[in-house]
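So you can see what is in the structure, the chains are spelled out below.
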Amino acid sequence: MQSIYYIKNCLTILVLLFITLFVKAQASDSTVQNLQHLPIKYLTKIDDKIDKYNSRITKRTQKTLEKLSRWEAKIQKLLNKVNPEAAQRLFGADQTTFTTFLNKIKEGKTIAENYQAQYNEYRDKLTSSLGYLKQQKENLDKQLLQPLHTATKKLDDLEQDIQNSEALEAFIKERKKQLIDGSLQYIGKSKYLQKIDKESYYYIETLKNYKQLFSEPEKAEELALKILNKIPAFTKFLQQNSQLASLFRMPGTPIDPQSLAGLQTRASVNSLIQDRIAAAGPNAQAQITQNIQQAQAQIQQLQDRLLQSGRSSSTDELPNFKPNEQKTKTFKQRIELGSNFQFGKSNSYLPTTADIGLSVGYKLNNKSIIGLGASYKLGMGSIQRISISHQGIGLRSFVDWKLKKEFFISGGYEMNHQAQFRNISQLNNYNSWQQSGLIGISKKIAVKTKWFKGTKLQLLYDMLHRSHVPVSQPVVFRVGYQF
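Residues numbered from 1 in each chain as written. Predicted model: local features only at pLDDT ≥ 70, side-chain atom pairs only at ≥ 80, totals over all residues. Heavy atoms only, no water.

## Quick notes on the pattern of salt bridges
Stated formally: A pairing counts as a salt bridge when a side-chain nitrogen of Lys or Arg comes within 4 Å of a carboxyl oxygen of Asp or Glu. The secondary structure listing takes helices from DSSP runs of H or I that are at least 4 residues long and strands from runs of E that are at least 2 residues long, numbered from the N terminus. Here's how the labels work: a residue is buried when its accessible area is under 20% of the maximum for its type, exposed when over 50%, partly exposed in between, all with a 1.4 Å probe on protein chains only.
Evaluation of the coordinates by the stated rule reveals 20 salt bridges. The partner of Arg 175 in a salt bridge is Glu 72, with the nearest N and O atoms 2.8 Å apart. With Arg 175 in helix α6 (residues 142-187) and Glu 72 in helix α2 (residues 40-82), this pair connects stretches of sequence that are 103 residues apart. Of the two residues, Arg 175 and Glu 72, neither departs from the other in class, the shared state being buried. Ionic pairing is found between Arg 123 and Glu 159, a salt bridge with its closest N-O pair at 3.2 Å. A residue pair is termed long-range when its members are at least 10 positions apart, and Arg 123 in helix α5 (residues 121-135) and Glu 159 in helix α6 qualify at 36 residues. Overall, the relative accessible area of 5% leaves Arg 123 in the buried class. Judged by its relative accessible area of 21%, Glu 159 falls in the partly exposed class.

Structure representation (structure tokens):
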């Protein structure tokens, strides 16, 4: 009987072992299959994003330091004339200046010694994802190995550049305050102090914009993460190896008993508090409640002071300036693409027409846009007889200035070829071109679709309509769409 019982136990253990091995093999096969579907475009896109982000940070940082260093030298010259002692205090051999940091950047030296970059969720997930793929390189397609190695190395280098830029941000704020406090009373509200104030603001805001652009995942990244999230081992790897996991224990992560050694339990803390209250007498509870309320009031006062000091720093001594948010944007972000449509009635000279225009605008600041465009005049005949024909083309220039809310004052100069043409050579006749000077009101409507960012209505008056042959309608109404 004992031998039969022993044999049954052995068979049970073997069955359980077989099932465990089978499940692990299935999970391993599933992991391999998912990793094999990982697109190589994922790693190439990451590589390109890192290169672009790194290039933007490096160029902007060096450009900013060159400006700040130049203006700082101007301040030093002014101080040497009026107060050499103040100049020595600000620019002595023991002082770190903008020029000091600029020289370090040009020499390729780090300026972020013992500085830890701020936590960024996107970079953390990206680093952890590449770390997991590196761990699973035996299961990856061979074409992914070299791009993976390149992207991982570039991401490590990027982390150092981000540390440098964030350390520089902190130094710029400190040095700017030092220059203002140490020189304002001697050189007054110098234009160089104002320039340093403005440039430091634009530098910090520009880097925030660059970081936001870098943190926006592209379609290839979303597809890759969708594949990786199907792998349970990937989720477990993130929970145990991400930067966030190193700071806080994530759900599902086992607790290290050694980390709890010496800590009091909640019950023991509650018991200690109750004993102290009981020993303090019958009015102890009311006194503790009163103390807590006073502490909360003091904390609120401290928060208000911090907010007030953040708003009114030493830069308030300088003339206020209204920041131009467009200066912190990339060239692509300042471009505005649009289209518009305009319809004309038929007469004895021209059939019913539709003007189809395309435009490219550049945002000078938060209120002004200038741009160029072109239009094509399509002849459609009449209701009785529809006939498609080439009735002309046009070249346009325009300016939009924000009046209030979504209303703009719009103006533009246009050259329109109003004669029907059958080939390009017919457009060389200058007499066939008519000039238009437009001015009016535009209204932007926040009607967004998959293809358009908004709608634009324009009511314009043509100041040169009487010079047209034949005389054209003076009022022009256009409907436009922004991409």
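Back to the write-up after that little detour.
## Focus on unusual backbone geometry
The backbone phi angle of Lys 405 is positive, close to 50 degrees, even though this residue is not glycine. Along the chain, the position of Lys 405 falls in the loop between β4 (386-404) and β5 (407-417). Overall, the relative accessible area of 64% leaves Lys 405 in the exposed class.

## A word on the packing of α6 against helix α7 (residues 191-214)
Threshold: Note on geometry: axes are lines fitted to C-alpha atoms, helical ones only across the stretch in contact, with angles between N-to-C directions running from 0 to 180 degrees. Angles below 35 degrees are treated as roughly parallel, those above 145 as roughly antiparallel, those between 65 and 115 as roughly perpendicular, and all remaining angles as oblique. Left-handed describes a crossing whose near helix is turned anticlockwise from the far helix by less than a right angle; the clockwise case is right-handed. Residues are sorted three ways: Asp, Glu, Lys and Arg are charged, Ala, Val, Leu, Ile, Met, Phe, Trp, Tyr, Cys and Pro are nonpolar, and all the rest, Gly among them, are polar.
Contact geometry for α6 and α7: axes closest at 10 Å, N-to-C directions at 160 degrees. As far as their axial angle goes, α7 and α6 are roughly antiparallel. Relative to α7, the crossing made by α6 is left-handed. Class assignment of the residues belonging to the contact of α6 with α7 gives a composition of 13 nonpolar, three polar and six charged.

## What to know about the layout of surface pockets
Applicable threshold: Definitions used for this entry: grid spacing 1 Å over protein atoms alone; cavity, a set of points where a 1.4 Å probe fits but cannot get out; pocket, an open set with protein on both sides within 12 Å along at least 5 of 7 lines; lining residue, one with an atom within 4 Å of a point. Grid points are joined across faces, edges and corners, and a volume is the space filled by probe spheres set on the points.
Considering only enclosed or pocket space, the largest pocket measures out at about 770 Å³ in volume. Around the largest pocket, the lining is made up of 25 residues, and of these Glu 336, Lys 363, Lys 453, Gln 482 and Phe 483 lie nearest the centre. For the lining of the largest pocket, the secondary-structure elements that each account for two or more residues are α13 (331-334), β1 (335-344), β3 (368-381), β6 (433-445) and β7 (454-462). Here the lining of the largest pocket gets three residues from one element, more than from any other, and that element is β1. Its residues assigned to classes, the lining of the largest pocket comprises seven nonpolar, eight polar and ten charged.

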